[in-house]
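Topology and contacts: notes
Next come the chains, spelled out residue by residue.
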Amino acid sequence: MDDAPEKAQRAPAPHPDRSGIRRAFLASLTGTALEWYDFAVYSAAAALVFGDLFFPTGDSYTGTLLAFSTYAVGYLSRPLGGLVFGRLGDVIGRKKVLIATLVLIGVSTFVIGLLPTYATAGVTAPIALVLLRFVQGVGVGGEWGGAVLLSSEYGDPRRRGFYASAAQIGPPAGNLLANGVLAALGALLTEDQFNLWGWRVAFLLSAALVGFGLWTRAKLEETPVFKAMTAEQSRPEAPVREVLATQRRALAAAILSRVGPDVLYAMFTVFVLTYATGELDMSRGSALAAVLVGSGLQVFLIPLAGALSDRVNRRVLYGCGAVGAGLWPFVFFPLANTRTWILLALGVVVGLALHSLMYGPQAAFVAEQFTPRLRYTGSSLAYTFAGLIGGAVAPLIFTALLGTFNSWVPLALYIALAAAVTVAGVSLGRDAEPEADVRPVTASETARVS
């Protein structure tokens, strides 16, 4: 345990000027958006083309299922990224780790754009795709926790909901950008051109996007909270072990709270593409347009929900979003089954709006479950392990349920169950303690506050 002098323990964390706060917010938002562009473009490609190009079986259902299996690999590898980069983030600092994760995802995404397909390279092609997807997941596993801390530890801890939402805007912004690029390519190219080479353009663009993300992050200093921990000599030596030993309830609450949002997001940004094109015989462009509209609104709804959670009880707001998420699929599927684009889009928009009510406060809620000196590790572990039981398997379960029962009802029940798990997690969690960032908790105090 760390026995820092009393004077050092009471030293306040230095806070930068407003320009530093704005730069941190922008760096968190843009870097995460660019990384999620890479992740989202893969997800969309898995739903639209990867089944035929990398897993040809003669059966479109089986090919899609195999393509979604590679989607799951990106989640299965996240805990490795959370363990490795989460620990490093609490030991060597937030900034260095966030630059490493950005490079890791950018390089793997660019190489996917160069891969030969099954028709050219045989079984080597899907193996290489799975390996690169694994690397993507490792990077994303270490990215989220650090991006949350980058913005929230620069800002006023009493407004953590708003500042931490910068990282939460990244996924819909990246999803919007990815689907926008794919939609533009689909409109400009014939289906044969898109399947032959057009999809590659979306992956190759990641090189320029990641370069911009690196530029924004390289200009930042380390966060004030981490600087304070360094000055107090309170950085943990074995943060993973400490989290598992002293923060078990916090970890359980954070993991469970993420399951519902992950499953809901997988439905309304990934599986809805398969459902609309495969079950409803709607065009690829129509399905992508519905997701684009919903993702575009999320860019504004998520920070609004984060800011609202600073004014009302964060856990109550989060729980209300989860209850709505559990009920909405029973309305969405009848709307979508009319095969009317406006009703499909309405269903997606409301679904993603309910997701925003959870996702906006989520980063702050997860981060504040852990003491500052263990926050990167704890947040990363919660994020990555929740992905295993939430987002990783959701498209596979959706596909299997629909193929087995040929009905939307089991899909809606599955989402409702995931939402109930989130309600349990939010109930288990604790409310914010902004004063913890003013004097970062030292090792000797960790057990008492966990």
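1. Side note on a nonpolar patch on the surface
Residues Val-103, Val-107, Phe-110, Val-111, Leu-114 and Leu-204 make up a contiguous nonpolar surface patch of about 450 Å² in total accessible area. Among the elements that line the nonpolar patch, the one with the most residues is helix H5 (residues 94–112), at 4 residues. Residue position: Leu-114 is located in the loop between H5 and helix H6 (118–121). By relative accessible area, which is 54% here, Leu-114 ends up exposed.

2. A short note on the packing of aromatic side chains
Taken as a whole, this structure holds 17 aromatic pairs when the rule is applied. Aromatic pair Phe-162 and Tyr-163: ring centres 5.5 Å apart, planes at 65°, arrangement edge-to-face. Classification of Phe-162 by relative accessible area gives partly exposed; the value is 23%. Aromatic side chains Tyr-275 and Phe-333 sit 5.4 Å apart centroid to centroid with 75° between the ring planes, which places their arrangement in the edge-to-face category. Of the two residues, Tyr-275 is situated in helix H13 (residues 248–279) and Phe-333 in helix H16 (residues 329–336); the sequence distance between them amounts to 58 residues. One exposure class covers both Tyr-275 and Phe-333, and it is buried.

3. Structural notes on the pattern of salt bridges
This structure, assessed with the given rule, holds 8 salt bridges. Across the pair Arg-217 and Glu-143 runs a salt bridge whose closest N-O atoms are separated by 2.7 Å. Separated by 74 residues along the polypeptide, Arg-217 in helix H10 (residues 206–218) and Glu-143 in helix H7 (residues 124–152) bring together distant segments of the chain. An identical accessibility class is assigned to Arg-217 and Glu-143; each is buried. Glu-368 is the salt-bridge partner of Arg-160, the closest N and O atoms lying 3.4 Å from each other. Taken together, the residues Arg-160 in helix H8 (residues 160–188) and Glu-368 in the loop between helix H17 (341–367) and helix H18 (375–389) connect sequence positions 208 residues apart. Judged by its relative accessible area of 1%, Arg-160 falls in the buried class.

4. Thoughts on the packing of H16 against helix H20 (residues 409–428)
For any two helices packed against each other, the geometry comes down to the angle between their axes and how far apart the axes lie. Interhelical geometry of H16 versus H20 gives an angle of 150° and a closest axis separation of 9 Å. What the angle tells us is that H16 and H20 run roughly antiparallel. Pair H16 / H20 crosses with right-handed handedness. Taking contact as the criterion, the partners of Pro-329, Phe-330 and Phe-333 in H16 are, on H20, Leu-411, Ala-412, Leu-413, Ile-415 and Ala-416. Of the residues that constitute the contact of H16 with H20, the class distribution is 8 nonpolar, no polar and no charged.

Cut-off values and rules
- Residues numbered from 1 in each chain as written.
- Predicted model: local features only at pLDDT ≥ 70, side-chain atom pairs only at ≥ 80, totals over all residues.
- Heavy atoms only, no water.
- Patch = residues over 30% accessible without salt bridge, like charges linked within 9 Å, V, L, I, M, F, W, Y side chains within 5 Å.
- Areas by Shrake-Rupley, 256 points an atom, 1.4 Å probe, with all protein chains shown as cover.
- Salt bridge = Lys/Arg side-chain N within 4 Å of Asp/Glu carboxyl O.
- Helix = DSSP H or I, 4+ residues; strand = E, 2+ residues; numbered from the N terminus.
- Buried < 20%, exposed > 50% of the residue type's maximum accessible area, 1.4 Å probe, protein only.
- Phe/Tyr/Trp six-rings, centres within 6.5 Å; stacked < 30°, edge-to-face > 60°.
- Axes fitted to C-alpha atoms, helices over the stretch in contact; angles between N-to-C directions.
- Parallel < 35°, antiparallel > 145°, perpendicular 65-115°, else oblique.
- Left-handed = near helix turned anticlockwise from the far one by under 90°.
- Contact = heavy atoms within 4.5 Å.
- Nonpolar A, V, L, I, M, F, W, Y, C, P; charged D, E, K, R; others polar.

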